[in-house]
Amino acid sequence: MPKLVELLESTDEFGLLLIIKALGTIGDRRALQPLIDALKRVKPAQRWIIWDTIGDIGCAEEVKHLSYLLNTPDWQVTPEDRLVLLELDSKPARPLSPNQVEKIKADIAEFTNADVKARWRAVSRLARRRGLVVELLTEATASPNPMIRFYALYTLGQIGNPRIYPVALAMTKDPNPHIRWDACKLLGIMGGSRAIPTLIEVLLNATEGDLAVNGALDGLEAIGDPALPAVKDLLRAENELARITAAYLLGHIGYEEEFDILAELLHDPNPAMRIVCMESLIMLSIRLPKKGKECLELIKRMTKDPVKSVKERAVYFYEEITG
């Protein structure tokens, strides 16, 4: 353990994350102060991981006063900015007593608890509430602390009130990648067809490693059939990542017409596209059993692909299917 603590000060970004996770697994409370020192030193994006590790070693209470260290720099969004986005309610929300309001605010404060289990217990309690809890959680999505923003948005999604659609839309631009992911996913689940242009735009501007891409995929998959025309249009995009994600989606929401499109894309010059198309064809053939034999023949043909990575994946798929 002392050697790991020593490495906290001298390791590169990737190695630092591995060491932090190792300290959490060991669970030695002697790592608390070095982790607090690292919390003050590392980039804001890495602080959440350290915070969770402090909770893993059982020191959540000792660091409550330091939750401000997680705040997003130069944050300017206010609770009023968020509240004005809420769509009008068709009927008045049930009023809350002062005692209920205090309990809700106490649970929202738990979103910064370094103890992960405590955070999820708070989410569970809040998700069972109705009425003006939506307003209080919406205000919380304006917090400078990304943990509060994330769990407030997640809880609003669990409550499922469609009024929050514009709030989720605004949060697709959040500086925290995990929040962008959840916001994009929530748009598809709650917004249906009206979310399609925004989610397609996310994919058109996709960059490697952007978690918002995962959220857009989840959101479009939740929308299903109505998203198919826009997804097929993505296949003509200049952004290769957008094209590949479109092929992935066709395997999860497509039908016979999309099966034929994917079969044709097995000739695409991009090896990554050919691999994704094989995976998508297999997914489609599970839903379309009469396409199973054709899918197997296509995969068998790809075992002769000139690119090693494509050939190896095709061999693996073929063996899995025939086995």
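Remember, it's a predicted structure, so these values are computed and weren't measured experimentally. (Residues numbered from 1 in each chain as written. Predicted model: local features only at pLDDT ≥ 70, side-chain atom pairs only at ≥ 80, totals over all residues. Heavy atoms only, no water.)

Draft legend 1. Examining the overall build of the chain more closely. What the chain contains, in helices and strands, is 19 helices and 0 strands. In terms of principal-axis extent, the alpha carbons of the chain reach across some 65 × 60 × 35 Å. Across the chain, contacts joining residues at least 24 apart in sequence account for 66% of those joining residues at least 6 apart. Total accessible area computed for the chain in this model is approximately 16200 Å², and 55% of it derives from carbon and sulfur atoms. (Helix = DSSP H or I, 4+ residues; strand = E, 2+ residues; numbered from the N terminus. Contact = heavy atoms within 4.5 Å. Areas by Shrake-Rupley, 256 points an atom, 1.4 Å probe, with all protein chains shown as cover.)

Draft legend 2. Highlighting the packing of aromatic side chains. The final tally for this structure, using the stated rule, is 7 aromatic pairs. Measuring from ring centre to ring centre gives 5.7 Å for Trp 48 and Phe 150, while their planes differ by 80°; the resulting arrangement is edge-to-face. Of this pair, Trp 48 sits in helix 4 (residues 44–56) while Phe 150 sits in helix 9 (residues 146–159); the two residues are 102 residues apart in sequence, bridging distant segments of the chain. On the basis of an interplanar angle of 75° and a centroid distance of 5.1 Å, the ring pair of Trp 120 and Tyr 151 is categorised as edge-to-face. Here Trp 120 is found in helix 7 (residues 116–127), whereas its partner Tyr 151 is found in helix 9, with 31 residues between them in sequence. An aromatic cluster of at least three residues, connected via ring pairs, comprises Trp 48, Phe 111, Trp 120, Phe 150, Tyr 151 and Tyr 154. A cation over a ring is seen here: Arg 194 above Tyr 165, with NZ or CZ 3.8 Å from the ring centre. (Phe/Tyr/Trp six-rings, centres within 6.5 Å; stacked < 30°, edge-to-face > 60°. Lys NZ or Arg CZ within 6 Å of the ring centre and 35° of its normal.)

Draft legend 3. Structural context of the packing of helix 16 (residues 256–265) against helix 18 (residues 292–302). In the contact formed by helix 16 and helix 18, the axes pass within 11 Å of each other and the chain directions differ by 10°. By the angle between their axes, helix 16 is roughly parallel relative to helix 18. Together, Phe 259, Asp 260 and Ala 263 of helix 16 and Glu 294, Cys 295 and Leu 298 of helix 18 make up the contact between the two elements. Here the residues of the contact of helix 16 with helix 18 sort into 4 nonpolar, no polar and 2 charged. (Axes fitted to C-alpha atoms, helices over the stretch in contact; angles between N-to-C directions. Parallel < 35°, antiparallel > 145°, perpendicular 65-115°, else oblique. Nonpolar A, V, L, I, M, F, W, Y, C, P; charged D, E, K, R; others polar.)

Draft legend 4. Just helix 18, in detail. Here helix 18 has its buried residues at Cys 295, Leu 298, Ile 299 and Met 302. Looking straight down helix 18, one finds its buried side chains confined to an arc of 100°; they lie on one side. Buried positions along helix 18 lie against helix 16, helix 17 (271–287) and helix 19 (308–322). (Buried < 20%, exposed > 50% of the residue type's maximum accessible area, 1.4 Å probe, protein only. Arc of directions from axis to C-beta.)

Draft legend 5. Focus on unusual backbone geometry. You will see that Asp 74, though not glycine, has its phi angle at about 55°, which is positive. On the secondary structure map, Asp 74 appears in the loop between helix 4 and helix 5 (79–83). The exposure class assigned to Asp 74 is exposed, which follows from its relative accessible area of 73%.

Draft legend 6. The pattern of salt bridges, seen in detail. All told, the structure shown has 19 salt bridges when counted by the stated rule. Members of the salt-bridge network, linked through shared partners, are Asp 89, Glu 135 and Arg 163. (Salt bridge = Lys/Arg side-chain N within 4 Å of Asp/Glu carboxyl O.)

Draft legend 7. Summary view of the nonpolar core. Grouped together as the largest cluster of nonpolar side chains are 103 residues, with contacts concentrated most on Ile 108, Phe 111, Leu 137, Leu 220 and Met 278. Contact partners of Leu 220, with chain neighbours within four places excluded, come to Ile 196, Leu 199, Ile 200, Leu 203, Ala 227, Leu 249 and Ile 253. (Core = buried A, V, L, I, M, F, W, Y, C linked by side-chain atoms within 4.5 Å.)

Draft legend 8. Expanded view of the environment of Ile 189. Secondary-structure assignment places Ile 189 in helix 11 (residues 177–191). Ile 189 sits 30 residues away from Gly 219 along the chain, and the two C-alpha atoms are 6.0 Å apart.

Draft legend 9. Seen up close, helix 13 (residues 211–223). Look at helix 13: 19 Å from first C-alpha to last across 13 residues, which is about the 18 Å you get at 1.5 Å a residue. Turning to helix 13, its buried residues are Leu 211, Ala 212, Val 213, Gly 215, Ala 216, Leu 217, Gly 219, Leu 220 and Ile 223. Residues of helix 13 that are buried in the fold lie against helix 11, helix 12 (196–204) and helix 15 (240–253). Two to three positions downstream of the cap, the backbone nitrogen of Ala 212 sits 3.0 Å from a side-chain oxygen, assigning the N-cap of helix 13 to Asp 210. Phi for Gly 224, located one or two positions after helix 13, is positive at around 75°. (Expected span 1.5 Å × (residues − 1). Polar contact = N/O pair within 3.5 Å; in protein donor to acceptor, adjacent residues only side chain to side chain.)

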